[in-house]
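Overview (structure and organization)
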Amino acid sequence: MRILVTGGCGFIGSNFIRHVLGGHPGDEVVNLDALTYAGNLENLADVEADYPGRYRFVRGDICDADLARRLIDDSQAVVHFAAESHVDRSIEDASTFVRTNVLGTQVLLGAAHRSWTSGGGQDQERRFVHVSTDEVYGPLALDDPRGFAEDWPLNPQSPYSASKAGGDHLARAYHHTHGLPVVVTRCSNNYGLYQFPEKLVPLMIINALNGRELPVYGDGLYVRDWLYVLDHCRATDLVLRGGRPGEVYNVGGGSEQANLTVVQEIIRLVAECTGRPAEQMRGLIKHVKDRPGHDRRYAINAGKIMSELGYRPQMDFARGMAQTVEWYLDNRAWCERVTSGAYRGYYQRMYQGR
Ligand code: NAD
Ligand code: TYD
């Protein structure tokens, strides 16, 4: 099938495209990406040559309805990753989040609806996979024994998660109202290769390598369920091929960790790889002013995708983190390039004097 992937030049999208092209020789991918600060053509530099005739990049905005319609007319499935994805940026300015995550999602859903009904009834062989997030459920108390289940009410607390909840609601509304074959995934925090260094894991790896402060928000006891990006790609692929229209599937890594534990593990691994003393790097940890409205904990119950689609995370946290640290060590030129330019201004605004 031909799959339209949105946001394929970002972290998860680029890993997903490589996963699909490598694992499904009959599939073709069209990648629609606006190349915002988070999108990087270099993330897929090898793909065109490795899979001749099966991959095409289109630079464009998901809010462009004519472009979306043309691309969806030609596709059997949409996997929608494109988003503004960083909570701290959404606190600074939420406008692009609403535009891309709410309006952009509606534009794609509308285009799919019109395109896939043009021959009469809604074509149920098609699939629209909307990639949402566990953050739409809002925070969970540290001592709450439950993990989020799919029927948990949405209670987003940051401008980012509120905008993602808007897209998530719209995706399911297009199924209920129009019968559009939508499937929604809600996954936990991803880590792995090609993640933009504004997020916790790559930021800490790069700062530890460069001997810079390691800025831990508040007490550092915020908990996330860490999911290796390739496990997320496998899960998304299972949902694309086997998910039931109208359903939501949670995806987790089965690995809840406090931020401080993640940072300590990164320090241990960087020390192991570089021979630098871990103690010295531990001294770089700085507890800084907390993120406003910081969600204490997210925890996923992934029972549904496990029992229905046979999903199992294959990577444990220690191994996944070791591979991630090694990748960032081996790809310092990539890190230098993506953090040059506008990112430097962002870093100063976010961290200087914090
Ligand atoms: P990312 O920020 O790395 O990449 C986003 C991509 O979308 C970039 O390539 C960017 O250029 C593109 N994009 C942004 N606005 C666009 C627009 N208007 N039109 C076209 N392209 C546009 O994000 P990511 O971490 O890869 O996340 C992908 C998806 O997964 C997002 O929807 C995010 O909400 C969701 N998600 C991410 C995580 C995580 O831990 N990273 C966890 C749960 C859910
Ligand atoms: P992040 O990677 O931004 O993902 P999200 O906010 O979507 O979960 O942050 C993960 C956790 O790490 C979150 O609790 C905020 C915290 N954090 C820090 O302590 N310091 C930092 O510099 C960053 C970017 C995040």
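To keep things clear, this report deals only with the structure shown in the data block. Keep in mind it's a predicted model, so treat the numbers as computed, not measured. (Residues numbered from 1 in each chain as written. Chains lettered and ligands numbered in written order. Predicted model: local features only at pLDDT ≥ 70, side-chain atom pairs only at ≥ 80, totals over all residues. Heavy atoms only, no water.)

A closer look at the overall build of the protein
Per the secondary structure count, the protein includes 14 helices and 13 strands. For the protein, the spread of C-alpha atoms along the three principal axes comes to 65 × 45 × 40 Å. When each of the 354 residues of the protein is scored for burial, the buried share is 58%. Excluding contacts between residues fewer than 6 apart, the proportion of contacts in the protein whose partners are at least 24 apart in sequence is 83%. Approximately 14,100 Å² of the protein is accessible, and the part contributed by carbon and sulfur atoms is 49%. On the protein, the mean spot of the 38 positive side-chain charges and the mean spot of the 43 negative ones are 2 Å from each other. (Helix = DSSP H or I, 4+ residues; strand = E, 2+ residues; numbered from the N terminus. Buried < 20%, exposed > 50% of the residue type's maximum accessible area, 1.4 Å probe, protein only. Contact = heavy atoms within 4.5 Å. Areas by Shrake-Rupley, 256 points an atom, 1.4 Å probe, with all protein chains shown as cover. Lys, Arg positive; Asp, Glu negative; His and termini not counted. Charge placed at Lys NZ, Arg CZ, Asp CG, Glu CD.)

Points about the side chain of Ser 75
You can see Ser 75 is positioned in the loop between helix H3 (65-73) and strand E4 (77-80). A relative accessible area of 1% means that Ser 75 is categorised as buried. Among the polar contacts listed, one links the side chain of Ser 75 to the backbone oxygen of Leu 71, at a separation of 2.7 Å. When near neighbours in sequence (up to four residues on either side) are disregarded, Ser 75 contacts Arg 2, Leu 4, Trp 116 and Arg 126. (Polar contact = N/O pair within 3.5 Å; in protein donor to acceptor, adjacent residues only side chain to side chain.)

Examining the pairing of strand E1 (residues 2-6)
Of all five residues that make up E1, four are buried, and the element is covered over most of its length. One ladder, built from five bridges, connects E1 with strand E2 (residues 28-33); its direction is parallel. Bridge pairing links Arg 2 to Glu 28 in E2. The parallel pair E1 and E2 is bridged by helix H1 (residues 11-23), and the resulting crossover is right-handed. (Pairing = 2+ DSSP bridges. Right-handed = clockwise from strand over helix to strand, strands pointing away.)

Some details on the layout of surface pockets
Taken as a whole, the second largest pocket holds about 530 Å³ of empty space. What lines the second largest pocket is a set of 25 residues, and nearest its centre among them are Asn 207, Asn 210, Arg 212, Tyr 343 and Tyr 347. Contributing elements (two or more residues each) for the lining of the second largest pocket: helix H7 (200-210), strand E13 (285-288), helix H13 (332-338) and helix H14 (342-351). Looking at the lining of the second largest pocket, its residues break down into twelve nonpolar, six polar and seven charged. (1 Å grid on protein atoms, 1.4 Å probe; cavity = no way out; pocket = protein on both sides within 12 Å on 5 of 7 lines; lining within 4 Å. Points joined across faces, edges and corners; volume = space filled by probe spheres on them. Nonpolar A, V, L, I, M, F, W, Y, C, P; charged D, E, K, R; others polar.)

What to know about the site of ligand 2
Close contacts around ligand 2 come from 17 residues, with Glu 135, Arg 224, Arg 291, His 294 and Tyr 351 the closest. A distance of 2.5 Å separates an oxygen atom of ligand 2 from a polar atom in the side chain of Glu 135. The separation between an oxygen atom of ligand 2 and a polar main-chain atom of Tyr 217 is 2.9 Å. Burial of ligand 2 by the protein amounts to 97% of the accessible area it has alone, namely 510 Å². Those elements giving two or more residues to the shell around ligand 2 turn out to be H7 and strand E8 (214-217). (Near = heavy atom within 4 Å.)

Considerations on the packing of H1 against helix H8 (residues 229-242)
In contact at an axis separation of 9 Å, H1 and H8 are set at 65° when each is read in the N-to-C sense. When the axes of H1 and H8 are compared, the crossing they make is right-handed. The segment H1 lies against H8, with Phe 11, Ile 12, Asn 15, Phe 16, His 19 and Val 20 engaging Val 229, Leu 230, His 232, Cys 233, Arg 234, Thr 236, Asp 237, Leu 240 and Arg 241. A breakdown of the residues in the contact of H1 with H8 according to their chemical character gives eight nonpolar, four polar and three charged. (Axes fitted to C-alpha atoms, helices over the stretch in contact; angles between N-to-C directions. Left-handed = near helix turned anticlockwise from the far one by under 90°.)

Looking at the nonpolar core
One finds Tyr 191, Val 201, Leu 214, Ile 266 and Met 321 to be the most contacted residues of the largest nonpolar core, which totals 43 residues. Contributing elements (two or more residues each) for this core: H7, E8, helix H9 (259-274), helix H10 (278-282), E13, helix H12 (317-330), H13 and H14. Residue contacts for Leu 214: discarding those within four places in its chain leaves Met 204, Asn 207, Ala 208, Val 263, Ile 267, Met 281, Leu 284, Ile 285 and Lys 286. In terms of nonpolar packing, the next biggest core, distinct from the first, is built from 33 residues, Leu 21, Val 183, Ile 305 and Leu 309 among them. (Core = buried A, V, L, I, M, F, W, Y, C linked by side-chain atoms within 4.5 Å.)

Concerning the pairing of strand E6 (residues 182-187)
Within E6, six of the six residues are buried, which leaves it mostly tucked inside the rest of the structure. Alignment of strand E5 (residues 127-133) against E6, held across six bridges, turns out to be parallel. Across the sheet, residue Thr 133 finds its bridge partner in E6, namely Cys 187. Running through helix H6 (residues 159-178), the crossover from E5 to the neighbouring parallel element E6 is right-handed. Of the strand pairs in this sheet, E6 and strand E11 (residues 248-251) are connected by four bridges, and their pairing is parallel. Across the sheet, Thr 185 pairs through a bridge with Tyr 249, a residue of E11.

A closer look at the site of ligand 1
Around ligand 1 sit 28 residues in total, of which Ile 12, Asp 33, Ser 85, Tyr 160 and Lys 164 are the nearest. One of the backbone N or O atoms of Gly 10 is found 2.9 Å from an oxygen atom in ligand 1. Between ligand 1 and Phe 81, the relevant distance is 2.8 Å, taken from an oxygen atom to a main-chain nitrogen or oxygen of the residue. Taken by itself ligand 1 offers 840 Å² of open surface, and the protein chains cover 96% of this. When residues of the shell around ligand 1 are traced back to their parent elements, those giving at least two are H1, E5 and H6.

What to know about empty space enclosed by the protein
Going through the model one piece at a time under the given rule, you end up with one cavity of 30 Å³ or more. Forming the boundary of the largest cavity are Gly 10, Phe 11, Tyr 37, Ala 38, Asn 40, Asn 43, Tyr 194, Phe 196, Trp 334 and Val 338. Tallied by class, residues from the lining of the largest cavity come to seven nonpolar, three polar and no charged.

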